[in-house]
Amino acid sequence: MNCYAWLSLLLTLGHLWPCLPSMQNHNTHKMNQPFATLQRVKRGWVWSQFFVLEEQILTEPLYVGQLKSDADKHDDTFKYILTGDGAGSIFTIDEYTGTIHVTQKLDREEKPFYTLRAQAINRNTQLPVEPESEFIIKVQDINDQEPKFLDGPYEATVPEMSPEGTSVIQVTATDGDDPAYGNSARLLYSILQGQPYFSVEPKTGVIRISSQMDRETKEQYFVIIQAKDMVGQMGGFSGTATVTINLSDINDNKPIFQQKFYYMNISEAAPVGSTIGKIMAEDSDIGENAAMNYVIEGEESLVFDIITNNETQEGIVLLKETVDFESKRRYSVRVKAINRQMDDHFMKEGPFEDTTIIKISVEDADEPPVFTSQNYMMEIAEGATNGSFVGVITARDPDNANSPIRYSIVHSTYLKRLFSINAHNGTIIITKLLDRETAAWHNITVTATEMRNPEQVSEVTVYVQVLDVNDHAPEFPEHYEIYVCENARSGQLIQTISAVDKDDSVEGHHFYFTLAQEATSNSNFTVRDNQDNTAGIFTAKNGFSRQEQFAFFMPVLIVDNGTPSLTSTNTLTVSVCDCDTEASAQSCRFGAFMSSMGLSIGALVAVLACILVILVFFLAMLVLRQRRKQSLFPDKPEEFRENIVRYDDEGGGEEDTEAFDISTLRTRTVMREHKSRRNITTEIQSLYRQSLQVGPDSAVFREFILEKLKEANADPTALPYDSLQTYAFEGTGSLAGSLSSLGSSISHVDENYDYLTDGGWTLN
């Protein structure tokens, strides 16, 4: 600010001191009085500095200051003009003396300063005497605003059992007064409600814990904080805020059983997994801090189990193994409840767990029979005679009643035919010879039923193994097709053979191959045992003749190593091939096959030729038959007598408006039946006689019929009778009457036929 330009009316003395050193002696003026300042002269201007307090209640305009030029001779030639913020409304100036007044109450919080412009002019010439200059009038603050917590109400959470001095939350209040002047905006915080658990820092508003708190005792606190301006002095304004403080849970409590002993019952017939009962330990904590696991200690953990219901934190006791009333009737189960999560700060207080005892009593129940073994393994040699002993199974009634047991084989009719069991002592025998090669194992299901209570039934599986007996001789695994060429040399290998045995050998099968005794003297082939369950067939001479003998039969003796050993004779057929020196095995086998069939190449060609001739003849027959069918239907149309339809009745006239009804077409007096035509003359004469009986008694009508009859008999070219439309009478059954013109001669009305000429007809 230029200290030698237009001077401002300042709000505080501190703003004036840098520019006006002499004002340092005026710091004792009262707040409600104008404050005179040092006068300085600049270009003929002399100023007095003043300030205005806010919120003053005005009954008349309040003097602020005066504008004065040293050139003013007080002769009313000078005119002072004020413009700018509030000029003329809030601030007024005396144009003769230059004094400034305020006419309204001012509020610094609404507008802290006003910018004005002052000018002095000659009243006569209206010319400026002093240049226009801008200055600022500031409003001095007073304590008229109370502190406010703009973010309230507050809510905070702090863990329970937190140590003293733990910060909870900071609250902040604001004051609308000027913080740069006086103590109007200087706040001091204090606690009105919440002691002795909480405290607040006076200058910062930080709330801290002053005493440890337990959530299980009280989990929510309401704290009231006060903020007071004027640094808490008397006469200042104050504001309050409510702070809701919640205590969060920590694991500072262990689970506790409400009972030292729990009593439960379980039936010995209960299956594994059955629920026996529930227990629960109380934990004052909540959420995860209250979660716990239950554990069974000791040997009873093999018989019983316990799991935790995560929703209710209950311990559910389950049956892990079946119990027996006759063996043990009471159990004492020790159960421990342990928190899942631990807080290291409280571990020194001891383990967070508790223990209780569950007394479980076993109730007696009628149980099914119990076998001495879960399953039975038995053996019997194949080929054993009927009634041979297989084994014995045993079951007992576990109850004190010790009911007798009845045994039976179930689930298989086939096994019932092979085995039988004694219903009283459980002895199993065979009732049919067993063959291991058919079935090496038999699985039998045997039931044991209490005779006193047939509803109590148990089952057991009996595995019967049929032991092998050497009752099958070795044999070839397949049919061998052996071929030898006519030019084969002596000692040539023509086939390798092997053997199989249906029996089962513990040491493994071993077979021995030799020629049968009857073939050793004059055989053309030899057998050489390879000592590996195979043997080779070799030729014993040079050359073979297919014309002399096209096949040889070679008996081979095979012996196994069973006890006792079994022997079988198997015959090999060796066919002779018509081969050249470089014949392949394929052509050799084809020639041998033809030789075995007794056919030569020429015979085979003849057979194929015959088949071809038969096929050609068959095709020719099909072509001739097709042509014959076409000749039955020539292209020239002919007349067929079967296409001419005969009608014995005339239509029903206008009454025939619906579907065909035979009763409408027949008269009420005659019902003519259709007859097969045998003699045309006879039928026409019959119709003539009928017309005499029922038709009109007219000689003209009878002559007409006779004339037609003669024409039909005399004309050899006339159509067959079944195409001739014959009417014995007319007009009787039609409501419209006769359509014939024969009766027109008896009409009394002259007929006019001129209309026929319109269509090109000629009337005669």
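Structure's up top.
The shown structure was predicted, so the numbers you read here are calculated from the model rather than taken from an experiment.

*Asks:* Describe the overall build of the protein chain, naming the residues involved and giving the relevant values.
*Replies:* Each helix and strand counted, the protein chain has seven helices and 40 strands in total. A burial count over the protein chain gives 36% of its 764 residues as buried. Across the protein chain, contacts joining residues at least 24 apart in sequence account for 65% of those joining residues at least 6 apart. If you sum the accessible surface of the protein chain, you get close to 46900 Å²; carbon and sulfur atoms cover 51% of it.

*Asks:* I'd like a rundown of the pattern of salt bridges, residues and numbers included.
*Replies:* Evaluation of the coordinates by the stated rule reveals twelve salt bridges. For the salt bridge of Arg208 with Glu201, the shortest nitrogen-to-oxygen distance reads 2.8 Å. Taking the relative accessible area as the measure of exposure, Arg208 reaches 28% and is therefore partly exposed. One salt-bridge network, in which partners are shared between bridges, spans Arg215, Glu216, Glu219 and Asp249.

*Asks:* Got a sec to walk through the sheet that holds strand E38 (residues 534–539)? Specific residues and values, please.
*Replies:* Read across the sheet, three strands follow the order E35-E38-E37 without closing on themselves; strand pairing throughout is antiparallel. Two strands close off the open sheet at either side, each with one partner strand: strand E35 (493–498) and strand E37 (525–529). Neighbour to neighbour, the strand axes of the sheet diverge by 25° on average, direction disregarded. Inspection of the sheet shows E37 paired to E38 by five bridges, in the antiparallel sense. Residue Thr526 lies in a different strand from E38, and its bridge partner there is Phe538.

*Asks:* Pulling in residues and values, what's your account of the packing of aromatic side chains?
*Replies:* By the definition in use, this model includes eleven aromatic pairs. Residues Phe198 and Tyr221 carry aromatic rings whose centres are separated by 5.7 Å and whose planes lie at 70° to one another, so their mutual orientation is edge-to-face. In this pair, Phe198 sits in strand E13 (residues 198–200) while Tyr221 sits in strand E15 (residues 220–228), placing the two residues 23 residues apart along the sequence. Its relative accessible area of 1% is what places Phe198 among the buried residues. Classification of Tyr221 by relative accessible area gives buried; the value is 8%. When the centroid spacing of 5.1 Å and the interplanar angle of 80° are considered together, the rings of Phe304 and Tyr331 count as edge-to-face. Separated by 27 residues along the polypeptide, Phe304 in strand E21 (residues 304–309) and Tyr331 in strand E23 (residues 330–339) bring together distant segments of the chain. Judged by its relative accessible area of 1%, Phe304 falls in the buried class. Residue classification places Tyr331 among the buried positions, given a relative accessible area of 10%.

*Asks:* Before we move on, could you go through a nonpolar patch on the surface and cite the residues and values that matter?
*Replies:* On the surface, a cluster of nonpolar side chains totalling about 590 Å² of accessible area is made up of Leu612, Leu615, Val616, Phe618, Leu619 and Leu622. Positionally, Val616 belongs in helix H4 (residues 601–631).

*Asks:* For the pairing of strand E31 (residues 427–430), give the residues involved together with the corresponding values.
*Replies:* The two faces of E31 differ: Ile428 and Ile430 on one face are buried, but Thr427 and Ile429 on the other face are not. Both strand E27 (residues 389–392) and E31 contribute to a ladder of three bridges, which runs antiparallel. Pairing of Val392 across the sheet is with Thr427, part of E31. Bridge count between strand E30 (residues 419–421) and E31: three bridges; the pairing is antiparallel. Within E31, the position partnered with Phe419 by the bridge is Ile430. The turn joining E30 and E31, which pair antiparallel and follow one another in sequence, is formed by five residues; a positive phi near 75° is taken by Gly426.

*Asks:* Got a sec to walk through the environment of Asp85? Specific residues and values, please.
*Replies:* Inspection of the secondary structure puts Asp85 in the loop between strand E5 (78–84) and strand E6 (91–93). Asp85 sits 30 residues away from Thr115 along the chain, and the two C-alpha atoms are 5.5 Å apart. With residues up to four places along the chain from it excluded, the contact list for Asp85 reads Phe91, Lys111, Tyr114, Thr115 and Leu116.

*Asks:* I'd like a description of unusual backbone geometry, backed by residues and values.
*Replies:* Leaving glycine aside, a negative phi is the common case for residues, and trans is the common case for peptide bonds. Gly152 connects to Pro153 through a cis peptide bond whose omega is -5°. Looking at where Pro153 falls in the secondary structure, it is placed in the loop between strand E9 (128–140) and strand E10 (154–159). Note the cis peptide between Gln195 and Pro196, where omega equals 10°. Its location among the elements puts Pro196 in the loop between strand E12 (188–193) and E13. Positioned with a positive phi, Gln313 is a non-glycine residue whose angle comes to about 60°. Following the sequence through the fold, Gln313 ends up in the loop between E21 and strand E22 (314–319). For Gln313, a relative accessible area of 13% corresponds to the buried category. Positive phi, normally seen in glycine, also occurs at Asn533, with a value near 70°.

*Asks:* Could you give an account of the sheet that holds strand E3 (residues 52–53), naming the residues involved and the relevant values?
*Replies:* Strand pairs in the sheet, formed through backbone hydrogen bonds, run parallel or antiparallel to each other. In spatial order, the strands read E3-E9-E8-E5; together these four strands make up an open sheet with mixed pairing. Strand pairing shows two members of the sheet lacking a second neighbour, E3 and E5, which therefore form its edges. Relative to E9, E3 runs parallel, the two sharing two bridges. Bridging across to E9, Val52 finds its partner in Val139.

*Asks:* Before we move on, could you go through the pairing of strand E19 (residues 275–282) and cite the residues and values that matter?
*Replies:* In the case of a regular strand, side chains alternate between the two sheet surfaces. Here strand E17 (residues 256–257) pairs with E19 via two bridges, running antiparallel. The residue of E19 that forms the bridge with Ile256 is Glu282. Two elements, E19 and E22, share five bridges in a ladder whose sense is antiparallel. When the bridges of E22 are listed, Ile279 appears paired with Gly315.

Calculation criteria
- Positions within a chain are numbered from 1, following the residues in the order the chain's sequence is written.
- Only residues with pLDDT of 70 or above have their local features reported here, since the model is predicted, and side-chain atom pairs are shown and tallied only from 80 upward, although totals for entire chains, interfaces and linings are computed over all residues.
- Each side-chain value is worked out from all heavy atoms of the structure, with water and hydrogens disregarded.
- A run of H or I in DSSP becomes a helix once it reaches four residues, and a run of E becomes a strand once it reaches two; helices and strands are each numbered from the N terminus.
- For every residue, the accessible area (1.4 Å probe, protein chains only) is compared with the maximum for its type, and the residue is labelled buried under 20%, exposed over 50%, or partly exposed between those bounds.
- Contact definition: two residues touch when any of their heavy atoms are within 4.5 Å.
- Here the open area of atoms and residues is found with the Shrake-Rupley method and a 1.4 Å probe, where only the protein chains shown may cover a residue.
- For salt bridges, the criterion is a side-chain nitrogen of Lys or Arg within 4 Å of an Asp or Glu carboxyl oxygen.
- Two strands are said to pair when DSSP picks up at least two bridges between them.
- Orientation is described by axes fitted as lines to C-alpha atoms, over the contacting stretch for helices, and by angles from 0 to 180 degrees between their N-to-C directions.
- Two rings from Phe, Tyr or Trp (for Trp, the six-membered ring) form a pair when their centres sit within 6.5 Å of each other. Planes less than 30 degrees apart are called stacked, planes more than 60 degrees apart edge-to-face, and all others tilted.
- Residues form patches when they are more than 30% accessible in relative terms and have no salt bridge. Like charges link within 9 Å. Nonpolar side chains (Val, Leu, Ile, Met, Phe, Trp, Tyr) link within 5 Å.

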